[in-house]
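Working through the structure, step by step
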Amino acid sequence: MKYAIILVCFALGWASWAETPQGWFEFVISEPAEGSVTNVATYNTSVAGAEGYVTVRDGHFVDGKGERLRFLATNLTFQAAFPDKEMAPEIARRMASLGINCVRFHHMDCHHSPRGIWDPEYKDCQHIDAEQLDKLHWIIYQLKLHGIYADLNLHVSRYFTEADGFENAGQLPKYDKGVDNFEPRMIELQKEYARDLLTHVNPYTKTAYVDEPCIAMVELNNENSVLRYAMGTTLHNLPEPYLGELRGLWMDWLKEKYRTTAALETAWDEGSEPLGEEMLRNQDFAQGTNEWILEAPKPAEGVMEVVQDPQLGKVLHAKLTALGEKDWHFQVHQVGHTLEDGRLYTVDFRVKAAPPRAINVSARYDIPDWRNVGLSEDIQVGEQWKQFSFTFRAKEPLPEHTRLSFNNHNKLGEVWIGDVSLRPGGRRGLPEGQSLEAGNVELPLGSATAQARTDWFAFMIEVERRYTQGMRAFLKQELGLHAQVVDTQATYGGIGGVWRESQMDYVDVHAYWQHPRFPHKPWDGNDWYIPNTPMTAALGSDTLTRLAQYRVAGMAYTVSEYNHPAPSDYRAECMPMLAAFAALQDWDGVFQFCYGEQPEDWSQAAVQGYFRMACDPAKLAFFPVAANLFRRGDLRAAPAELTLLVPRKRLAELVQEHGGGISAMWEQVGVTPEEALRRRLSVEFSDGDKLGLKAEEELAWRGAPEVRWSTADQDGGVFVVDTPKTKVVLGPLAGRTVEVGKMRFEVGQTETGWAALALTAMDDRPISESGRMLLVVMSKVENQEMGWDEKRTTVKRAWGKGPSIAEGVEATVTLTDRHGLVAYALDGAGARTVTVAAAQEGGASFRVGPQYRTVWYEIAAE
């Protein structure tokens, strides 16, 4: 039982491994002590599903008795979804103490055992490992006993190989995304996996998951939409036989709609603008590298030459052999072109790279300030030729000073470019030589006319409808699944994605504030950064107000992945902001991503990577506050709803117009993101012809609004929650006094000037009457000896070591209408340590600070 021993060590405290900076202290949150004010396990039912199956009624999750269910949840990913059996009860108990009542099982299908669910005795990904399945059964059973439901994900990161019988599998999109929406055998294998997983009887619950009431949700896919891929060129570059399969479906759809080539040609040619003369000099590389420039300034070293390709003939080959200092220190471009303002232009080319890389293709000034003139596209390039076509309108170009640029980023390797072209015009109707009769109408590129692209998106919407409805029917009707089913996230596929999910049982989305960015190689732990700024200062460009735009009227709504990733100095804002906003918008589930990824996450005293919460005090400390705001219902939903009316008949046209987002549609009808602070937002699909709004009568708040969020221009951006039972204030508070109701927060200096404070009643009474309250006071939390760069935007792989340390925040907290209270500092287990000095003049007032070595305090009636 080594894990239990380590947890006890956490509660007792650790010896310092390095000198702690002045004003900082070690703080590790562990399983709560008996009777701790931080423990909200009683919010969970004794056994999840004891009241029956989770269903949807009046747009919200309810249990078998019809009682409203709100899920404050997290994710178990990769190997963490299969914890050792002796540790599973500890995990379930700890989660329940935080107020967690649902766990999403994610990335189970990525690896063979022990990191995933597949049997290592087989090379394919079709055989479930019996031991891993038993571990999964056991953790779900333990969660159930602690009142915690489960959300099972089917296809997240399984990818098929030749071992599964799929040729050219290595050339498919990552995890076969998009392709698995239409490839028949992949769909059958998805059904086979679902049958194997969901109909297997859990020996501990004595039920199969299709019949298990603690299984609240099943997700078909994760961040997967063939419609989203249709907006770029991924599908156009699929290898055979997958491209042929898609073309066949496309031809069937076109023949059904148009019947004759004449009708198709008439529709597609409207608005066409023929391509003009070639503008590039030495476009075919007949004169070698003449007119083409390789930019790789010292210390970068690179070479450029023209080589013969067996497929394309002469192509340009560029190679970077030594890295430069900037991201743009490996570019190929041609300069000196004259574009006309407002005129249409088309860039065509083929490209490949070794190793695979991201490339930015742009048209911009060839003199300072190098501004963009209408084209900037990021593409992913692999070792097989890919074709790309981009059409753009020139925006304020300078005569003779436009360059076409391929920014290959500062990454060693090789790039080949062929069939490159820049020509005016380019809205293309039905290409010459293509017809319905010949069955050779190609998939439309971005340079196609509006009607051709609209048809392309309409076809993709139908492909997704057939797939998602077919899979849902299989789970619900053939397997008899009781859980609620969603396909994937509504944000994937623009308004078409929202419509797709509106046909499911509920709607789900994901968002991250300042997800780590990897400028060169995906998930390179030595090459990433975060902007490291607070979301409190970003109203209008934040994640939460945008998420509000995707809820479908009358449907349950969840956010199954959300995080403000480490090592952000401001990530303490994550849980209180998420919970408050979800309550305000009346959402149904919010899932922090993630609790853990691997077994050692349970036993660490240090922050482990970008997302894992199990040992991150910045997230854990605010979970009881989040549980009160969202699950207990401390914060009321906004009293009125504002609904975007979207014409069903124009879905494809709107995808063509707005692409992968829907914010512009809200703006088109005059609604800004900030409206989400006043009214609940939703989308409804109508029988009309135009975008519109449906507004409920704007009912007055009973009292002042309970969420206030100022902009950065007003006071630096302060987020305030003011309810009778919970008060929260987040933002640049150093040196300031903030009054929230009959509470006063006076905050001392912090290293960033930013702080997060909350007071919540733990006995379900108003703060004005409560006899037991939890106070959270926090700023920065990090590991010891973290290797920050000068800009404080990355630590690369230097995450440091534990125990984690927190910056002490000096603050005076005053309850102006209370007397006879006493405050206690709490340790990481939520147990009282020492009494906090109090002054009772002018109300109950307590001065906290780093001398108490905690972020948690209990305030109680004497």
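Below or above, wherever it landed, is the structure these notes cover. It should be emphasised that the depicted structure is a prediction, and the values quoted were computed from it without experimental measurement.

In total, this model carries 40 aromatic pairs according to the counting rule given. Between Y852 and Y857 the ring centres are 6.1 Å apart and the planes differ by 85°, which places this aromatic pair in the edge-to-face class. Counting every residue linked through ring pairs, the aromatic cluster contains Y512, F518, W523, W528, F593, Y610, F611 and W799. Just above the ring of F78 sits the side chain of R115; from NZ or CZ to the centre is 4.8 Å.

Each pair of packed helices can be summarised by the angle the axes make with each other and by the distance between the axes. Where helix α8 (residues 450–478) meets helix α14 (residues 651–658), the closest approach of the two axes is 8 Å, and the angle between their N-to-C directions is 115°. Crossing handedness for the pair α8 and α14: right-handed. Of the residues in α14, those touching α8 at A450, R453, T454, F457, A458 and I461 are L651, A652, E653, V655 and Q656. Class assignment for the residues of the contact of α8 with α14 results in seven nonpolar, two polar and two charged.

Take the sheet that holds strand β40 (residues 844–848) next. Read from one edge to the other, the open sheet built from five strands follows the order β30-β31-β36-β40-β39, with strand pairing classed as antiparallel. Strands with a single pairing partner mark the edges of an open sheet, and in this sheet they are β30 (737–740) and β39 (838–839). As judged from the four bridges shared by β30 and strand β31 (residues 743–747), these two strands associate in the antiparallel manner. The partner of V738 across the bridge, within β31, is F745.

Once that is clear, we can look at helix α3 (residues 130–145). Compared with an ideal rise of 1.5 Å per residue, which puts 16 residues at 22 Å, α3 spans 23 Å between its outermost C-alpha atoms and is within 8% of the ideal. The distance from a side-chain oxygen at the start of α3 to the backbone nitrogen of E131 is 3.1 Å, and the residue carrying that oxygen is D129. Once α3 finishes, G147 follows within two positions and takes phi at roughly 75°, a positive value.

So, about the pairing of strand β25 (residues 680–686). With six of its seven residues buried, β25 lies for the most part within the structure. Strand direction decides the pairing type here: strand β24 (residues 641–647) and β25, joined by seven bridges, are parallel. Following the sheet pairing, L645 is matched in β25 by E684.

What follows is about unusual backbone geometry. Backbone torsion omega between A566 and P567 reads 5°, so that peptide bond is classified as cis. With respect to the element layout, P567 can be found in the loop between β22 (557–563) and α11 (574–585). Note the cis peptide between G802 and P803, where omega equals -5°. You can see P803 is positioned in strand β35 (residues 801–807). The backbone of K206 sits at a positive phi, close to 70°, despite the residue not being glycine. Note on placement: K206 falls in the loop between β7 (201–202) and β8 (207–208). By relative accessible area, which is 66% here, K206 ends up exposed. Look at D764: it is not a glycine, yet its phi comes out positive at around 60°. Mapped onto the secondary structure, D764 falls in the loop between β32 (755–761) and β33 (772–778). Judged by its relative accessible area of 43%, D764 falls in the partly exposed class.

Reading the values: the criteria
- Residues numbered from 1 in each chain as written.
- Predicted model: local features only at pLDDT ≥ 70, side-chain atom pairs only at ≥ 80, totals over all residues.
- Heavy atoms only, no water.
- Phe/Tyr/Trp six-rings, centres within 6.5 Å; stacked < 30°, edge-to-face > 60°.
- Lys NZ or Arg CZ within 6 Å of the ring centre and 35° of its normal.
- Axes fitted to C-alpha atoms, helices over the stretch in contact; angles between N-to-C directions.
- Helix = DSSP H or I, 4+ residues; strand = E, 2+ residues; numbered from the N terminus.
- Left-handed = near helix turned anticlockwise from the far one by under 90°.
- Contact = heavy atoms within 4.5 Å.
- Nonpolar A, V, L, I, M, F, W, Y, C, P; charged D, E, K, R; others polar.
- Pairing = 2+ DSSP bridges.
- Expected span 1.5 Å × (residues − 1).
- Polar contact = N/O pair within 3.5 Å; in protein donor to acceptor, adjacent residues only side chain to side chain.
- Buried < 20%, exposed > 50% of the residue type's maximum accessible area, 1.4 Å probe, protein only.

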